[in-house]
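Below are the chains, spelled out letter by letter.
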Amino acid sequence: MGARIGLLAVALVACSGGGEGTVSAAERGRRAYMNVCVACHHADPARDGSLGPAIAGSSRELVEGMVLRRQYPPGYTPKRTTNAMPAYPHLADRIDDLVAFLASAAPQ
């Protein structure tokens with residue numbers, strides 16, 4: 001019985017994609033975006049959302065500044081003049097993933 005449970009556990013892990021280590025940065029970024037950012041930005045980051053502008057292709061400097069500190073990079077002109085976006089410091093370890101996802105969503 002114990003061997004069957006072990007095999008079942010291995011099969012479940014294999015079917016689930018093998019865990020976070022096998023998921024691409026862009027996919028991890030998509031997951032973070034869909035869990036947090038989509039509340040204000042459009043599900044398609046190349047389109048304007050209800051509160052937030054289109055952000056596909058945003059630079060790492062912009063993503064990090066806005067997500068972690070609510071600050072635009074020096075010399076950046078905001079697309080909107082609101083200050084509605086809060087900081088999301090819990091996403092600090094997902095900045096590179098978010099940038100990878102936003103790059104993959106940028107119009108070609």
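Residues numbered from 1 in each chain as written. Predicted model: local features only at pLDDT ≥ 70, side-chain atom pairs only at ≥ 80, totals over all residues. Heavy atoms only, no water.

Undergrad: Explain the packing of helix α2 (residues 25-35) against helix α4 (residues 95-105) here, please?
TA: What describes two packed helices is the angle between their axes and the distance between those same axes. Running from amino to carboxyl end, α2 crosses α4 at an angle of 95°, the nearest separation of the two axes being 7 Å. Taken as axis vectors, α2 and α4 run roughly perpendicular relative to one another. Of α4, the residues touching α2 (which contributes Ala25, Ala26, Arg28, Gly29, Arg30, Ala32 and Tyr33) are Asp97, Leu98, Ala100, Phe101, Leu102 and Ser104. Its residues placed into classes, the contact of α2 with α4 shows 8 nonpolar, 2 polar and 3 charged. (Axes fitted to C-alpha atoms, helices over the stretch in contact; angles between N-to-C directions. Helix = DSSP H or I, 4+ residues; strand = E, 2+ residues; numbered from the N terminus. Parallel < 35°, antiparallel > 145°, perpendicular 65-115°, else oblique. Contact = heavy atoms within 4.5 Å. Nonpolar A, V, L, I, M, F, W, Y, C, P; charged D, E, K, R; others polar.)

Undergrad: Just to check I follow, could you spell out the state of the cysteines for this structure?
TA: What is meant by a disulfide is a covalent connection between two cysteines, made through their sulfur atoms. Here the structure, examined in full by the defined rule, presents 0 disulfides. The thiol of cysteine 37 is unpaired, and the distance to the nearest cysteine sulfur, on cysteine 40, comes to 9.0 Å. Judged by relative accessible area, cysteine 37 falls into the buried class, the value being 14%. (Disulfide = S-S within 2.5 Å. Buried < 20%, exposed > 50% of the residue type's maximum accessible area, 1.4 Å probe, protein only.)

Undergrad: I'm lost on the side chain of histidine 41 in this one. Help?
TA: If you trace the backbone, histidine 41 turns up in the loop between α2 and α3 (60-69). Histidine 41 gets classed as buried once you look at its relative accessible area, which sits at 12%. Reaching out from histidine 41, the side chain makes a polar contact with the backbone oxygen of proline 53 at a distance of 2.8 Å. Not counting chain neighbours up to four residues away, the residues in contact with histidine 41 comprise Tyr33, Gly49, Gly52, Pro53 and Ile55. (Polar contact = N/O pair within 3.5 Å; in protein donor to acceptor, adjacent residues only side chain to side chain.)

Undergrad: Quick question: what am I supposed to make of the pattern of salt bridges here?
TA: A side chain of one charge can pair with a side chain of the opposite charge if their charged atoms are brought near each other. For the coordinates displayed, the defined rule picks out 8 salt bridges. The partner of arginine 28 in a salt bridge is aspartate 97, and the shortest N-O contact between them spans 3.2 Å. Here arginine 28 is found in helix α2, whereas its partner aspartate 97 is found in helix α4, with 69 residues between them in sequence. There is no split in this pair, since arginine 28 and aspartate 97 are both buried. Salt-bridge contacts for aspartate 48 lead to arginine 80; the nearest nitrogen and oxygen are separated by 3.8 Å. Within this pair, whereas aspartate 48 is found in the loop between α2 and α3, its partner arginine 80 is found in the loop between α3 and α4, the two being separated by 32 residues in sequence. Taking relative accessible area as the criterion, arginine 80 reaches 25% and is therefore assigned partly exposed. (Salt bridge = Lys/Arg side-chain N within 4 Å of Asp/Glu carboxyl O.)

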